[in-house]
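# Structural features, examined
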Amino acid sequence: MFTLQPTRSPGKKLLFAILTALALAVPLFMVWFLIYDREEQSQTAVASIAQGWGGKQVLRGPVLVIPYKSTTQETAVENGKSVTRVRTLEKELALDPAAVDLSTTIDPKPLKRSIYEAVVYDSAVRGAVRFALPTDLARYGVDRASLDLSKAELRFAIADQRGLGANPSVRFGGRPVSLQPGAHGSGGGFFAFVDAGALAGKSIVAEFDYRLRGNASLALEPRGGDIHWRVASSWPHPSFTGSFLPGARTIGADGFKADYRIGNLSLGRTLVDTAERGQWSFESGAAAAAAEAVAAAASDEAGTNTVSPAGATASVELIQPVDLYSRVDRAAKYGFLFIGFTFMALLMFDIIGGIRVSSVEYLLMGAALLLFFVLLLAFAEVIGFALAYLVAASAIVGLNTAYSAAVLGSWKRGYVMGGLLGGLYAVLYILLGLEALSLLIGSVLLFVTLAGVMYATRRIDWSGGEAAAHA
């Protein structure tokens, strides 16, 4: 004799579907970890490709550093008597240019290794700066007569010395100067010994032209009274970041142009800095300005004014137009939504259509849904995100359509499941493209779905009794 198995109530079927969906959370988290691991490998590979070319570059200077002597009086008590001594200190005056006119051309060079690509560049940096001693130099505790202008140094600093091209050209006061490596404790860079004697009576112009290699971004740490920086490149996907943005910019398929105008008042520091002999560097000057900014903010806690951050930069990044890992990661975060919609459809066939769906069938269809994100990641690394999305979605929709037709006993029902999944993948692709409106569209979709489920199950007795017969 055959024994009839007791039929589970709709409420138990719902609980069973929920528990099965929760069990799939473990492999879904594993998919997220896989995406994170592949992104880490991609970043390592990109860093390896760019190694030896030059890192993210930051331009600093030029700054004119002039040695001088300063005298101080020290009073001490010796044998009960007050003794005053005069002490002579050797110091340096760091003078920022009064005006900066800088032009930079960035020539991008995408480098590929296997499926990975890094964006590096070769840039041409050309400019002219004008130095002038401030009329109120005595306010900084510096005697103009004590300046040793014949032993001045013109210093340039860059972030990564490896990217500096051969034979930089620098002219000071109209004459070419010989360059030396290093930037006196400021990382990479170069400098020149110059005679700034003409600075005593007038301003001096320094002109420079050098090439610089780097990757991903190029930034300027502005120093000067009036700074004009023009940047141009054939890369069509720039991102302007940092503390200062260009006043004018044009971006097109053939590249971009940006124009910066920055004044020292917005930088929050003067054109003059002093330090002990051999102690001044671009970092030490920035550190001093930062300390002044912190002190000013602490003393004006209730107040009204803000200080521009020291070491502020104007930066241009050469970004990739599509970050496939972030898009795959965003897509995977909708994994629970896909599982929920699919299981809800199976539950409706089970409860309303009377077609019993087993736990194995729930798990297999859920596994297929999770496999979509693995396929998407694998194909996106090779053929790009859009085409990979089409391939992965088509494969999973086709697989689940055929399996649903077998499980539900009808190709018509299988096509319904396939149409549901196809619609979900289409909506997800739209959500990934409309980042700003994704929450709005997603919440409306959930509301409509919930309303439809509530309407379809309004007469179901979830406790297991017969459905109500009234309308």
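In what follows, the structure referred to is the one given above.
Residues numbered from 1 in each chain as written. Predicted model: local features only at pLDDT ≥ 70, side-chain atom pairs only at ≥ 80, totals over all residues. Heavy atoms only, no water.

## Some details on the overall build of the protein
So the rule is basically this: Helix numbering and strand numbering both begin at the N terminus, where a helix is a DSSP run of H or I of at least 4 residues and a strand a DSSP run of E of at least 2. The rule is simple: take the accessible area with a 1.4 Å probe, protein chains only, and divide by the maximum for that residue type; under 20% is buried, over 50% is exposed, in between is partly exposed. Note on contacts: a residue pair qualifies if any of its non-hydrogen atoms lie within 4.5 Å across the two residues. Per-residue and other accessible areas follow the Shrake-Rupley method at a 1.4 Å probe size, with only the shown protein chains counted as cover for residues.
When its secondary structure is counted, the protein shows ten helices and 17 strands. Considering the protein as a whole, with its 471 residues, one finds that 41% of them fall into the buried category. Partitioning the contacts of the protein with sequence separation of at least 6, the portion at a separation of at least 24 is 76%. Taken as a whole, the protein presents about 24,600 Å² of accessible surface, with 59% of it coming from carbon and sulfur.

## Topic: helix α2 (residues 25-50)
For clarity, the cut-off: Each helix should span, by expectation, one fewer than its residue count multiplied by 1.5 Å.
Between its first and last C-alpha, α2 extends 38 Å over 26 residues, near the 38 Å set by a 1.5 Å rise per residue. Those residues of α2 lying buried are Ala25, Leu28, Val31, Ile35, Ser42, Ala45, Ile49 and Ala50. Backbone geometry just after α2 places Gly52 at a positive phi near 90°.

## A short note on the pattern of salt bridges
The cut-off we apply is this: Whenever a carboxyl oxygen of Asp or Glu lies within 4 Å of a side-chain nitrogen of Lys or Arg, that contact is scored as a salt bridge.
Considering all chains together, one arrives at twelve salt bridges under this definition. A salt bridge links Arg155 to Glu92, with the shortest nitrogen-to-oxygen separation between them at 3.6 Å. Placement of the pair is Arg155 in strand β5 (residues 152-158) and Glu92 in strand β2 (residues 81-95), with a sequence separation of 63 residues. Glu92 carries the same exposure label as Arg155, and that label is buried. Between Arg211 and Asp122 there is a salt bridge; the shortest N-O distance is 3.6 Å. Highlighted residues: Arg211 in strand β10 (residues 204-215) and Asp122 in strand β4 (residues 116-131), separated in sequence by 89 residues. On the accessibility criterion, Arg211 (39% relative accessible area) is partly exposed.

## A short note on the pairing of β10
Put simply, the test is: DSSP bridges decide pairing: two strands pair if at least two such bridges lie between them.
Note that β4 and β10 share twelve bridges and pair antiparallel. Bridge pairing in β10 places Val125 opposite Tyr210. Here four bridges tie strand β6 (residues 169-172) to β10, and the two strands are oriented antiparallel to one another. The residue of β10 that forms the bridge with Ser169 is Asp209.

## Considering the packing of aromatic side chains
We apply this condition: Stacked, tilted and edge-to-face are the three classes assigned to paired rings of Phe, Tyr and Trp, where Trp is represented by its six-membered ring and a pair needs centres within 6.5 Å; plane angles under 30 degrees give stacked, over 60 edge-to-face, the rest tilted. Only Lys NZ and Arg CZ are tested; either one counts as a charge over a ring when it is within 6 Å of the ring centre and within 35 degrees of the ring normal.
Here the structure, examined in full by the defined rule, presents 17 aromatic pairs. Taking the centre distance of 5.1 Å and the plane angle of 70° together, the rings of Phe372 and Phe373 count as edge-to-face. Taking the relative accessible area as the measure of exposure, Phe372 reaches 0% and is therefore buried. Exposure remark for Phe373: the relative accessible area of 2% places this residue in the buried category. Through successive ring pairs, a cluster of aromatic residues spans Phe372, Phe373, Phe385, Tyr389, Tyr425 and Tyr429. Over the aromatic face of Trp53 sits the side chain of Arg213, whose NZ or CZ is 4.3 Å from the ring centroid.

## Structural notes on the sheet that holds strand β15 (residues 255-263)
Note the cut-off: For helices, the fitted axis covers only the stretch in contact; all axes are lines through C-alpha atoms, and the angles between them, taken along N-to-C directions, range from 0 to 180 degrees.
Read across the sheet, eight strands follow the order β7-β6-β10-β4-β3-β12-β15-β14 without closing on themselves; strand pairing throughout is mixed. The two strands at the open ends of the sheet, each matched to only one other strand, are β7 (175-176) and β14 (248-252). As defined by bridge partners, strand β3 (residues 99-113) adjoins β4 across 15 bridges and the pair is classed as antiparallel. The residue bridging Val100 from the neighbouring strand is Val129, located in β4. In the packing of α2 onto the sheet, contacts are made with β3, β4 and β10, and the angle to β4 comes to roughly 50°.

## Some points on the packing of helix α8 (residues 385-408) against helix α9 (residues 411-433)
Angle between the axes and distance between the axes are the two parameters that describe a pair of packed helices. As a reminder, the rule being used: Every angle not falling under 35 degrees, over 145, or within 65 to 115 is termed oblique; those three ranges are roughly parallel, roughly antiparallel and roughly perpendicular. Each helix crossing is assigned a hand: it is left-handed if the near helix lies turned anticlockwise from the far helix by less than a right angle, otherwise right-handed if that turn is clockwise. Amino acid classes used here: Ala, Val, Leu, Ile, Met, Phe, Trp, Tyr, Cys and Pro are nonpolar; Asp, Glu, Lys and Arg are charged; the rest, including Gly, are polar.
It is the contact of α8 with α9, at a shortest axis distance of 7 Å, that shows an interaxial angle of 155°. The angle between α8 and α9 places the two elements in the roughly antiparallel class. Handedness of the crossing formed by α8 with α9: right-handed. In contact with Phe385, Ala386, Tyr389, Ala393, Ile396, Val397, Asn400, Thr401, Ala402, Ser404, Ala405 and Leu408 of α8, α9 contributes Trp411, Arg413, Gly414, Tyr415, Met417, Gly418, Leu421, Gly422, Tyr425, Leu428, Tyr429 and Leu432. Of the residues that constitute the contact of α8 with α9, the class distribution is 17 nonpolar, six polar and one charged.

## A closer look at helix α5 (residues 324-332)
Given 3.6 residues per helical turn, the α-helix brings residues three or four places apart onto the same face. Rules: Along the arc lie the directions from the helix axis toward the C-beta atoms.
Along α5, the positions that sit buried rather than exposed are Leu324, Tyr325, Val328, Ala331 and Ala332. Projected down its long axis, α5 shows its buried positions confined to an angular sector of 125°, all on one face.

## Topic: unusual backbone geometry
That bond from Gly61 to Pro62 is cis: its omega, 10°, falls within 30 degrees of zero. Here the phi dihedral of Asn167 falls at roughly 55°; this positive angle occurs in a residue that is not glycine. Topologically, Asn167 is positioned in the loop between β5 and β6. Take Asn167: its relative accessible area is 70%, and that puts it in the exposed class.

## Quick look at empty space enclosed by the protein
Here is the rule we go by: Residues are said to line a cavity or pocket when one of their atoms sits within 4 Å of a point; the points come from a 1 Å grid over protein atoms alone, cavities being sets where a 1.4 Å probe fits but cannot get out and pockets being open sets with protein on both sides within 12 Å along at least five of seven lines. Grid points are joined across faces, edges and corners, and a volume is the space filled by probe spheres set on the points.
Taken as a whole and judged by the stated rule, the model has four cavities of 30 Å³ or more. Of the volumes computed, that of the largest cavity is approximately 70 Å³. Forming the boundary of the largest cavity are Gly61, Pro62, Val100, Leu102, Phe208, Leu220, Glu221, Pro222, Arg223 and Ile227. Contributing elements (two or more residues each) for the lining of the largest cavity: β1 (57-78), β3 and β11 (217-221). Its residues assigned to classes, the lining of the largest cavity shows seven nonpolar, one polar and two charged. Computed from the structure, the second largest cavity encloses a volume of approximately 50 Å³. In terms of lining, the second largest cavity is formed by Leu59, Arg60, Gly61, Pro62, Leu102, Val125, Phe156, Phe208, Tyr210 and Leu220. Every element with two or more residues in the lining of the second largest cavity is listed here: β1 and β10. Here the element with the most residues in the lining of the second largest cavity is β1; it accounts for four residues.

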